[in-house]
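Here's the letter readout for the chains.
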Amino acid sequence: MDILIIANGFPNSANSMLGIFEYDQAKALAKMDNQITFFGVDLRSLRRWRRWGIVSGEENNIKHYTINIPVGAVPAKILNFVGKIALRILYKSVFRNKKNPDLIHAHFTEMGAISSAIACRYDIPLVVTEHSSEVMEEKLKLGYVDIIKESYRSADKLIAVSSSLAACIKERYGFSCDVIPNVLYGNIFFDVNQKPHHPFCFVFTGAVIKTKGIKLLCEAFLDVSEVCKDVHLMVIGEGELLDECVAWCRENHMEGAVKFYGFLSRREIAELYTVCDCFVLPSEVETFGVVYAEALAAGLPVIGTKCGGPEDFVDDSNGILVEVGNKTELVEAMKYMYENRSSYDSNVIRQGVSKRFSEETIAGQLMLVYQDVIRKRNCR
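Predicted model only: the values in this text are computed from it and were never measured.

## Describing the overall build of the chain
Scanning the chain for helices and strands turns up 12 helices and 14 strands. For the C-alpha atoms alone, the extent of the chain along its principal axes is close to 65 × 40 × 40 Å. Residues classed as buried in the chain amount to 55% of the 380 residues present. Relative to all contacts within the chain whose residues are 6 or more apart in sequence, the contacts with residues 24 or more apart total 70%. For the chain, the exposed area adds up to about 17,100 Å²; of that, 50% sits on carbon and sulfur atoms. Across the chain, the 43 positively charged side chains and the 48 negatively charged ones have centroids separated by 9 Å.

## Observations concerning the environment of Lys335
Note that Lys335 resides in helix 10 (residues 327-340). For the pair Lys335 and Lys98, spaced 237 residues apart in the sequence, the C-alpha separation amounts to 60 Å. Here the side chain of Lys335 touches Glu332 through a polar contact of 3.3 Å, side chain to side chain.

## Points about the packing of aromatic side chains
The geometry of an aromatic ring pair comes down to the distance between the two centres and the angle between the two planes. By the definition in use, this model includes 16 aromatic pairs. Directly above the ring of Phe95 sits Lys98, whose terminal nitrogen or CZ lies 6.0 Å from the centroid. It is Lys141 that lies over the ring of Tyr144; its NZ or CZ is 4.9 Å from the centre.

## Examining the sheet that holds strand 6 (residues 126-130)
Read across the sheet, 8 strands follow the order 3-4-2-1-5-6-7-8 without closing on themselves; strand pairing throughout is mixed. Edge positions in the sheet fall to strand 3 (53-59) and strand 8 (178-179), since each has one partner strand and no second. Taken strand by strand, helix 2 (residues 76-95) contacts strand 1 (2-7), strand 2 (35-42), strand 3 and strand 4 (62-68), and its axis lies near 145° from that of strand 2.

## Some thoughts on the side chain of Glu294
By the element assignment, Glu294 lies in helix 9 (residues 290-297). Residue classification places Glu294 among the buried positions, given a relative accessible area of 7%. At a separation of 3.5 Å, a polar atom in the side chain of Glu294 contacts the side chain of Arg266. The contacts of Glu294, once residues within four sequence positions are left out, are Leu184, Phe189 and Arg266.

## Comments concerning the pattern of salt bridges
In this structure the tally under the stated criterion is 22 salt bridges. Note that Asp102 and Lys99 form a salt bridge whose closest N and O atoms lie 3.7 Å from each other. A salt bridge links Lys195 to Glu271; its shortest N-O distance comes to 2.8 Å. Within this pair, whereas Lys195 is found in the loop between strand 8 and strand 9 (200-205), its partner Glu271 is found in helix 8 (residues 266-273), the two being separated by 76 residues in sequence. Its relative accessible area of 45% is what places Glu271 among the partly exposed residues. Overlapping salt bridges, with partners in common, bring together Asp24, Lys27, Arg266 and Glu294 in one network.

## Some details on helix 11 (residues 346-357)
Across its 12 residues, helix 11 extends 16 Å between first and last C-alpha, which sits within 8% of the 16 Å expected from 1.5 Å per residue. Buried residues along helix 11 sit against helix 9 and helix 12 (359-378). The opening residue of helix 11 is Asp345, an N-cap whose side-chain oxygen sits 2.9 Å from the backbone nitrogen of Asn347.

## Section: helix 3 (residues 109-121)
For helix 3, spanning 13 residues, the distance from its first C-alpha to its last is 19 Å, which sits close to the expected 18 Å at 1.5 Å a residue. Considering bend angle alone, the principal kink of helix 3 is centred on Ser115 and spans about 30°. Three or more residues of helix 3 are buried, namely Thr109, Met111, Gly112, Ala113, Ile114, Ser115, Ser116, Ile118 and Ala119. Among the structural elements, strand 1, strand 2, helix 2, strand 5 (103-107), strand 6 and helix 4 (144-154) are those in contact with the buried residues of helix 3. Phi turns positive one or two residues past the end of helix 3, at Asp123, with a value near 55°.

## With respect to a nonpolar patch on the surface
A surface patch of nonpolar side chains, about 340 Å² in accessible area, is lined by Ile54, Phe81, Ile85 and Ile89. In terms of residue count, the dominant contributor to the nonpolar patch is helix 2 (3 residues). As for its placement among the helices and strands, Ile54 is situated in strand 3. Note on Ile54: relative accessible area 34%, which makes it partly exposed.

## Comments concerning unusual backbone geometry
Cis geometry is adopted by the peptide bond preceding Pro199, which originates at His198 and carries an omega value of 5°. With respect to the element layout, Pro199 can be found in the loop between strand 8 and strand 9. The phi angle at Asp33 is positive, at roughly 65°, despite the residue not being glycine. Positionally, Asp33 belongs in the loop between helix 1 (20-30) and strand 2. Even without being glycine, Asn61 reaches a positive phi, approximately 65°. You can call Asn61 exposed: its relative accessible area is 67%.

## Some thoughts on the nonpolar core
Counting 107 residues, the largest nonpolar core has Ile6, Phe39, Phe202 and Tyr273 as its most contacted members. Setting aside residues up to four positions removed in sequence, Phe202 forms contacts with Phe221, Val224, Val231, His232, Leu233, Met234, Cys278, Val280, Ile303, Met334 and Met337. Counting 25 residues, the second-largest nonpolar core is a separate cluster that includes Ile5, Ile36, Ile362 and Val369.

Basis of the calculations
Residues numbered from 1 in each chain as written. Predicted model: local features only at pLDDT ≥ 70, side-chain atom pairs only at ≥ 80, totals over all residues. Heavy atoms only, no water. Helix = DSSP H or I, 4+ residues; strand = E, 2+ residues; numbered from the N terminus. Buried < 20%, exposed > 50% of the residue type's maximum accessible area, 1.4 Å probe, protein only. Contact = heavy atoms within 4.5 Å. Areas by Shrake-Rupley, 256 points an atom, 1.4 Å probe, with all protein chains shown as cover. Lys, Arg positive; Asp, Glu negative; His and termini not counted. Charge placed at Lys NZ, Arg CZ, Asp CG, Glu CD. Polar contact = N/O pair within 3.5 Å; in protein donor to acceptor, adjacent residues only side chain to side chain. Phe/Tyr/Trp six-rings, centres within 6.5 Å; stacked < 30°, edge-to-face > 60°. Lys NZ or Arg CZ within 6 Å of the ring centre and 35° of its normal. Pairing = 2+ DSSP bridges. Axes fitted to C-alpha atoms, helices over the stretch in contact; angles between N-to-C directions. Salt bridge = Lys/Arg side-chain N within 4 Å of Asp/Glu carboxyl O. Expected span 1.5 Å × (residues − 1). Bend = angle between axes of the 7 residues up to and from the residue. Patch = residues over 30% accessible without salt bridge, like charges linked within 9 Å, V, L, I, M, F, W, Y side chains within 5 Å. Core = buried A, V, L, I, M, F, W, Y, C linked by side-chain atoms within 4.5 Å.

Right under this line is the structure:
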């Protein structure tokens, strides 16, 4: 099958994680003998420096093209208008002398709306996967509801990355979704083997921002460290609260127990996981939470929150879920992990997540959706 994937960028050294989940999925689909073309439509502001215009390349048997236009924080309808023009230019440039793809798969609200124009113009089936927590917010930015509805209405099939996100979309916007989570591509985390180490180590991986609960975690860890001796916390990630958290830990004499690593590659994260005992991320909201799944793939039990995504795959066999914002529950969960880590079997944890999020599983689910969409189109 000839599939066009449309994302809001392509992951590389310049923009790190942008488009990473979409590209992981594309690589998994390519392994099933599909012809994959990957488009990135990068409309971020001038502050995010990259080469303007169209940039192309080929990796993992996937030809990728990104159109970079500095737009930034403009009203949703203007971003949608510019995005459609940019995508039309990119599409004509790449497919001018080629047959149209069999199907377009766009990721996130904005890309779904932007892709609707070429899907309609060239009569190509469109699948949209929603990842964004923005659609769950009570107060949406001006014009965003119209973009959401255009994106969902245009899709032959709408996919959500978790059951909680699918339920929210159905309740708030009236659209039904299939649920297909993100893929864990490659074996970086599945190959993690624990090394003998001391002391007991919790690890946080994510953006160091309010919605990831980093300040709550630091406060909870301080309480835990007063009861559980020889315990450390690793914080992996960057964000607007990084300097504040570093200063807070210094003021509370926790410099020796809490280490901040900043941004690390997946391979570097996997290497650190070999000397960790428990993953903890007290997010306020997650539509899926791939970092939880990656930690489970590494055999680590996790502590998460009942914030949307983790409820689909975190249970008593592999971790603990606490209420959002509840420091008392978080402290108790961390103390329990410190005292009962040996009751969690890393091999069982790893096998469970492999069955749910492996390349073969997720790509297979997507192929069934694609085939059904194309079949229904052909029956019209």
